[in-house]
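Breakdown of the fold
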Amino acid sequence: MEQQYQQTLTQLVTDVYNKPDLIEEHQVLIQPLLKDLVDCAPAGFDGMATMIHSHFVNGLKSTNPNIQKFELESGLLKLKPYFHRINQ
C-alpha cells in the first residue's frame, strides 16, 4: 500500500471516529483502501492487517455508537504502528 493511500486511510477513519455522521459518506472511500491494506500486507504482517481490517469493518457496520467508537479507535491504535513498521 502506497504511503499516500496509508495517509488517506488513516485520515478518513480518523474523520469518521471524530464525526460518526460521516460514516455513510466515507465508507465508500474506506472500503477499497481496507481491501488494499489486506491485499498488500507484507509477509508476516498479514495477520495484523486482517485484524486492523476487522476492527474497521466492525466499526463501520455497527449501529451502536459506543461499539463503533471502540472498534475504530482500536483499529487506529494498531494502524499507525503497523504503517510505521512496514515503511521502515
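Everything quoted here is computed from the prediction, not taken from an experiment.

Helix length check: helix H2 (residues 23–39), at 17 residues, gives a terminal C-alpha distance of 23 Å against a target of 24 Å (1.5 Å per residue), a fit within 8%. If you look at H2, its biggest bend is around 35°, right at Leu29, and the proline Pro32 turns up within four residues after that. Those residues of H2 not exposed but buried are Ile23, His26, Ile30, Leu33, Leu34 and Leu37.

On to the pattern of salt bridges. Counted by the stated rule, this structure contains one salt bridge. Among the salt bridges present, the one from Asp39 reaches Lys35, with a minimum N-O distance of 2.7 Å. A residue pair is termed a helical-turn pair when its members lie 3 or 4 positions apart in one helix, as Asp39 and Lys35 do in helix H2 at four residues. Here Asp39 and Lys35 have matching classes, each one exposed.

On inspection of all chains with the given rule, the structure shows two aromatic pairs. For the pair Phe45 and Tyr82, a centre-to-centre distance of 6.1 Å together with 75° between the ring planes defines the contact as edge-to-face. Note that Phe45 is positioned in the loop between H2 and helix H3 (46–61) and Tyr82 in helix H4 (residues 65–86), a separation of 37 residues in sequence. Of the residues examined, Tyr82 reaches a relative accessible area of 3% and is grouped as buried. With 5.7 Å between their ring centres and 55° between their planes, Tyr82 and Phe83 make a pair best called tilted. With respect to burial, Tyr82 and Phe83 carry one shared label: buried. Here the aromatic residues Phe45, Tyr82 and Phe83 are joined through ring pairs into a cluster of three or more.

Once that is clear, we can look at H4. If you check H4, its first and last C-alpha atoms are 31 Å apart, about what 22 residues at 1.5 Å a residue would give, namely 32 Å. Among the residues of H4, those classed as buried are Gln68, Glu71, Leu72, Ser74, Gly75, Leu76, Leu79, Tyr82 and Phe83. Elements in contact with the buried residues of H4: helix H1 (3–18), H2 and H3. Structurally, the start of H4 carries an N-cap: the backbone nitrogen of Asn66 is 2.8 Å from a side-chain oxygen of Asn64.

The rules behind the values
- Residues numbered from 1 in each chain as written.
- Predicted model: local features only at pLDDT ≥ 70, side-chain atom pairs only at ≥ 80, totals over all residues.
- Heavy atoms only, no water.
- Helix = DSSP H or I, 4+ residues; strand = E, 2+ residues; numbered from the N terminus.
- Expected span 1.5 Å × (residues − 1).
- Bend = angle between axes of the 7 residues up to and from the residue.
- Buried < 20%, exposed > 50% of the residue type's maximum accessible area, 1.4 Å probe, protein only.
- Salt bridge = Lys/Arg side-chain N within 4 Å of Asp/Glu carboxyl O.
- Phe/Tyr/Trp six-rings, centres within 6.5 Å; stacked < 30°, edge-to-face > 60°.
- Contact = heavy atoms within 4.5 Å.
- Polar contact = N/O pair within 3.5 Å; in protein donor to acceptor, adjacent residues only side chain to side chain.

These results come straight from atomic positions and should not be treated as a statement about function.
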